[in-house]
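# Summary of the model geometry
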Amino acid sequence: MKPLLAEYPMHLSEGPTAPDAAAPHTLDISSDSTVWAASVGESRVFLVALIVNSMMVILIWLNSHLHTPMYFLLSQLSLMDLLYISTFVPKIAIDFLSGRNNTSYTNCGIQLFLFMTLVGAECLLAVMAYDRYVAICHPLHYSILMRPTVCIFMVAGTWLSALINAFIHVFYVLNLPFCGSREIRHFFCEIPALLKLVCADTSLYENGLFISGFIFLLFPISAIMASYGQILSTVLRLELNMGMRKALSICSSHMIVVILFYGTAIIKYFLPKAYHTAEQDKVVSIFYTILTPVLNPLIYSLRNKEMSGALRKVLRRKITK
C-alpha cells in the first residue's frame, strides 16, 4: 500500500516574494522518499488517540474524585494532544486520499501557529513534574503549593507565553520574502523548512529562534530533570512502600514522554544542520507531532487505576440506566 507520507507535495499560495523572484502562486511541500509507512492502520491509530484523549478529558471533568491538580494537568495534556493530532493527521490523510498535496498561504500560517503554540505549551510537562515533586518531596505542603489558584495560574501562564511566542515567530516568518521556487522538503509547514526558501539573510532570526528554543525546550527539560532527580533521591532515602512504588511508576511514565518529545525536538532545533539531513528531519518531526500524542494516553491512562476505575464507574452507570 502507498505510504501516507511518501512523495508528499503540498502547495502554498499567495506568500510574499523577493523583489527579483517570480511570483508563484503555489508552494510545494514535498518529500522525495518514504518518511513513515503510514497507511490506513495509522488512520485507525489516530482515531484511537482521538477517542482516548477525548474520553480522558470527559472522565476527569465528570468524576469529582479526579478534580485534583494532577488530573487537571493531565486533562490539559490530553487537550493538547487532541490539538496536535487534529493539526497534522487529518490534513495528511485528506491530501493522501485526494492526491492534492497543497495548502493556502493562510492555512499554512494557521498550522504553523498551532504547532508553535503547542510546542511552547509542552512546558506543561515541567508543571506536571513540579506537581509530582511537591507531592512526593513535600507532601505536607502540597495543598498550599499546588492549591487550585496556583495550578490555574501556572497552566494559564504556560498557554499565554506559548501563544505570544507563536504569534511573534509566525508573523515574522510569513512576512519574509520567499524565492520563486516554493518546494518545502517536509510534510507540514515548519520554520526550519520554510527558512530554506527565504531570499534573505536569516542568521539574526535563527539566533532568535535558538533563544526561543532555549526558553521553551532546554529550560523546561532542565526543570523536569531537576524535579525527577529530587524525587529519585527522596524515594531512595525512604523505605520503598506501595505508595512510593506507585509514585515512582508515575514518574517513570512521565520521563518516557519527556525524552520522546524533548529529545527529538532538541535534535531538530539544536543539532547543527550538518549533522542531520532533510529526510532525518522528517522522521524526527513525526515523533513530536504524531507519535507522542498517540502514546500519551496509553502511558498516562491505561496504567492509571483511578482513571480505569472512573471509566468502569461511568460504563456501569450507563449500563444500569
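To start, this report covers the structure provided alongside it. (Residues numbered from 1 in each chain as written. Predicted model: local features only at pLDDT ≥ 70, side-chain atom pairs only at ≥ 80, totals over all residues. Heavy atoms only, no water.)

## Focus on the overall build of the protein
When helices and strands are tallied, the protein shows 11 helices and four strands. Counting all 321 residues of the protein, 47% fall into the buried class. Sequence-distant contacts in the protein: of pairs separated by 6 or more residues, those separated by 24 or more amount to 78%. Only carbon and sulfur atoms are counted for the fraction: they give 69% of the accessible area of the protein, which is about 16100 Å². (Helix = DSSP H or I, 4+ residues; strand = E, 2+ residues; numbered from the N terminus. Buried < 20%, exposed > 50% of the residue type's maximum accessible area, 1.4 Å probe, protein only. Contact = heavy atoms within 4.5 Å. Areas by Shrake-Rupley, 256 points an atom, 1.4 Å probe, with all protein chains shown as cover.)

## Considerations on the side chain of Ser78
Within the fold, Ser78 resides in helix H2 (residues 69-98). Here Ser78 is in contact with Asn53, Met56 and Val57, once residues within four sequence places are set aside.

## Examining the packing of aromatic side chains
According to the stated counting rule, one finds 10 aromatic pairs in the structure shown. Ring centres of Phe88 and Phe115 lie 5.9 Å apart, and the angle between their planes is 75 degrees; this geometry places the pair in the edge-to-face category. Of this pair, Phe88 sits in helix H2 while Phe115 sits in helix H3 (residues 105-121); the two residues are 27 residues apart in sequence, bridging distant segments of the chain. We note that Phe88, like Phe115, is buried. Geometry around Tyr269 places Lys268 over its ring, the cationic atom sitting 5.9 Å from the centre. (Phe/Tyr/Trp six-rings, centres within 6.5 Å; stacked < 30°, edge-to-face > 60°. Lys NZ or Arg CZ within 6 Å of the ring centre and 35° of its normal.)

## Quick look at the state of the cysteines
According to the stated counting rule, one finds one disulfide in the structure shown. Two residues, Cys108 and Cys189, share a disulfide whose sulfurs are 2.0 Å apart. Since a negative S-S torsion denotes a left-handed disulfide, the Cys108-Cys189 link at about -130 degrees is left-handed. Here Cys189 lies in the loop between strand E4 (183-184) and helix H7 (191-195) and Cys108 lies in helix H3, a separation of 81 residues in the sequence. Judged by relative accessible area, Cys108 falls into the buried class, the value being 0%. Cys189 gets classed as buried once you look at its relative accessible area, which sits at 0%. (Disulfide = S-S within 2.5 Å.)

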